[in-house]
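# A look at the structure
Here is how the chains run, residue by residue.
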Amino acid sequence: MTVVSIYGITGVLLFVMGVFGLMTQPHLLKKLLSLNIASAGVFLLMVALAYRGDKLDPVPHALVLTGIVISVSATAYAVALAARLQKITGSPTLEEPAVDEP
Amino acid sequence: MIPVLQQPETWLVAIPALGAATTFAFREQGRRGVVSFVLAGIAISTAMTFAKLLLRGPYSHSIGGWVAPLGITWQIDGLAAAMILLTSLVGVMISRYALEYFGSSAEEQRQAAYFWPLWFFLLSGLYAIFLTADIFNWYVTLELSGLAAVGLITLSEKPQALTGSMRYLLIALCASLFYLLGVVFLYGEYGSLDLTTLAARIQPGSVTQVALALMTIGLIAKAALFPLHFWLPPAHANAPSPVSAALSALVVKAGFYILLRLQLVLWPVVSTRYLAIGLGALGAAAILWGSAQAIRQSRLKLLIAYSTVAQIGYLFIMFPLLHAGWAGDPLWASYAWAGGVYQALSHGLAKAALFLAAGVVIHAVGDDRLDSLRGLGEKLPLTATAMALAGISLMGIPPGAGFIAKWLLLSASVASGQWGWAVVMILGGLMAVGYLFRVYRRLLTARDVPVLHQPPRRMEAVALTLAILSLVFGLSSYPLFYLLRIGAPASVGLYLEGLP
């Protein structure tokens, strides 16, 4: 087993763990952490891909950087939204608000 | 000529982005100025992009002069132009509506201050999606438009809107990761992100199939295909009405558009007949489930949102029909393709009209319970007409544009001997009659209702204009078929000449 495939398989495992956590954890912060674990998995796989062959491939690095920028801003936004949600509904989960007003 | 004048497609992305970045700085009057500038810019650059396409034929644009494989390539052909046309029409109409929708109270002005930047970023992202032919750039633009869309839903800060948008955000981010993972696999296998280069290099193989399957999962979640539709009704129904219209008419089409591009270019090589049949089956389930749910709703906007779930189903019936065409008679593929694109266009116009009309109703009577609609037909005749005309297209009755879409899809399924899809589509049409008449019956009830606020005429006029447009595209199908022929992939373009 090469170093590349160890990193690659770890990346895929992290992705699966993250998606599983996202679906099973009720708390919003835990959902967001799971999403970040999943994206770390994808980024790890990209970095591992760049390492194949004789020369380092620079393109995946550029992609990972773009991905990290998106991931950071999306997470920041999601945390702010989750905080506002808790302030207004009083619950840090996605349970439906009881009232059904139009 | 000045170089920048020769590239109107770049303005389509740049002008809304510029508008988004500058509306922050203005108060009410200045904001109106920026909005007028952006709308004029969109109209002019759309027209110029069309002129360039018609004069030069399909063309590509390398951003910043960097050519593929290092740079990002845009491709403008008939399909891209059709989606750009839809975005511009619906985008300009929604903007005109929103100028009236947000009144002058402090709360409404606060909402407007957030609405315009997010809305223009959303438009910019959508144009970029429809222009791009680069699988990684699609990921970036999907995130750009997705985040803007989530922000727009939260404007009212109602608890349901916040929960709905949070669920949408989580689904959208997760879907993007699935898509990105597929992109990584494809890049690892073929060393390119450019769609044209990929099309030349792609070969059948397990990695390719896994990659396409992952991308498909991500994209059907973005397009809200059954069973990944559950986030759509709460998000679309609780957003402010102009936002609901944009989400249902345009944003869900983005995921579908990317999937269609991948289908046309990559999938004919990789044998994925069963994947296509699976997508068709999900589409059929979406039609039946979405229509059944729409019939059960007691709130107008939820009814319209479930109708979106159903109408998206029709888009995906196109995929098994395309494959039947590739295996058998290419004529079927041409029919299926034209029908699917027509459906995207007609649903966009009709659904935007319906949601905007629902916004007028909420403005007039204060809520959107179906029972509040009683007697409104007399009080708001323009809005009731808009709902009726938009419904013609959704039900698939001539002369609505939806009729042509469904007729083409029906023809393809009957001609290729796949009767099952035809039965589902006809059932879906009947069920659409069922849920829409629940609206019309109440509108036409004679009852003297107090109208709380007389809605601005322009709001009503915009909804009516969109509804009429959905009929105009149904009355004359030739221009759109002509457009679709320009640069159509060989896998579908063979028999477009012979279309009615």
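Check the entry above for the structure.
None of these values were measured; they are calculated from a predicted model.

On a plain count of helices and strands, chain A comes out with 3 helices and 0 strands. Computed over C-alpha atoms, the radius of gyration of chain A comes to 18 Å, more than 25% over the 13 Å expected from 2.2 N^0.38 for 102 residues, which places it beyond the range of a compact globule. Per-residue burial over chain A gives 36% buried out of 102 residues. Of the roughly 6000 Å² that chain A leaves accessible, carbon and sulfur atoms contribute 71%. Side chains of chain A give 6 positive and 6 negative charges; the mean places of these two sets differ by 10 Å.

Bringing unusual backbone geometry into the picture now. Residues and elements named next belong to chain B. Omega for the bond connecting Phe226 with Pro227 falls within 30 degrees of zero, at 0 degrees, which places this linkage in the cis form. For the bond from Pro398 to Pro399, the omega torsion is 5 degrees, close enough to zero to count as cis. Examined against the element boundaries, Pro399 turns out to sit in the loop between helix H15 (381-395) and helix H16 (401-415). A positive phi angle is found at Glu157, which is not glycine, with a value near 60 degrees. Summarising the element assignment, Glu157 is placed in the loop between helix H5 (135-153) and helix H6 (159-190). Glu157 sits in the partly exposed class, given a relative accessible area of 27%. Its identity as a non-glycine residue notwithstanding, Ala224 has a phi of 60 degrees, on the positive side.

Every contact between the two is made by 40 residues of chain A and, on the other side, 33 residues of chain B. Taken together, the connections running from chain A to chain B amount to 1 salt bridge. The partner of Glu157 of chain B in a salt bridge is Arg84 of chain A, and the shortest N-O contact between them spans 2.2 Å. Among the elements of the structure, helix H1 (3-24), helix H2 (28-50) and helix H3 (58-89) of chain A are those that each provide at least two residues to the side of chain A that touches chain B. Here the side of chain A that touches chain B gets 15 residues from one element, more than from any other, and that element is H3 of chain A.

In total, this model carries 18 aromatic pairs over all chains according to the counting rule given. Between the aromatic rings of Phe15 of chain A and Phe178 of chain B, the centroid separation amounts to 5.1 Å while the plane-to-plane angle is 80 degrees, which identifies the pairing as edge-to-face. Remark: Phe178 of chain B occurs in helix H6 and Phe15 of chain A occurs in helix H1; the pair is interchain, linking two chains. Phe178 of chain B shares its class with Phe15 of chain A; the two are buried. Relative to Trp231 of chain B, the ring of Tyr168 of chain B has its centre 4.5 Å away and its plane inclined at 10 degrees; by these criteria the two rings are stacked. Of this pair, Tyr168 of chain B sits in helix H6 while Trp231 of chain B is found in the loop between helix H8 (206-222) and helix H9 (232-238), placing the two residues 63 residues apart along the sequence. Taking NZ or CZ as reference, Arg56 of chain B lies 5.2 Å from the ring centre of Tyr59 of chain B, over its face.

Pairing of side chains with opposite charge becomes possible as their charged atoms draw close. All names here are of chain B. Tallied over the entire structure, the rule returns 10 salt bridges over all chains. One salt bridge connects Glu107 with Arg110, and the closest N-O pair in it is separated by 3.2 Å. Note that Glu107 and Arg110 are positioned in helix H4 (residues 106-131) at a spacing of 3 residues, about one turn of the helix. When its relative accessible area of 29% is taken as the criterion, Arg110 is described as partly exposed. Among the charged side chains, a network of salt bridges with common partners joins Asp371, Arg374 and Arg442.

Rules of the game
Residues numbered from 1 in each chain as written. Chains lettered and ligands numbered in written order. Predicted model: local features only at pLDDT ≥ 70, side-chain atom pairs only at ≥ 80, totals over all residues. Heavy atoms only, no water. Helix = DSSP H or I, 4+ residues; strand = E, 2+ residues; numbered from the N terminus. Rg over C-alpha atoms; globule rule 2.2 N^0.38 Å. Buried < 20%, exposed > 50% of the residue type's maximum accessible area, 1.4 Å probe, protein only. Areas by Shrake-Rupley, 256 points an atom, 1.4 Å probe, with all protein chains shown as cover. Lys, Arg positive; Asp, Glu negative; His and termini not counted. Charge placed at Lys NZ, Arg CZ, Asp CG, Glu CD. Contact = heavy atoms within 4.5 Å. Salt bridge = Lys/Arg side-chain N within 4 Å of Asp/Glu carboxyl O. Phe/Tyr/Trp six-rings, centres within 6.5 Å; stacked < 30°, edge-to-face > 60°. Lys NZ or Arg CZ within 6 Å of the ring centre and 35° of its normal.

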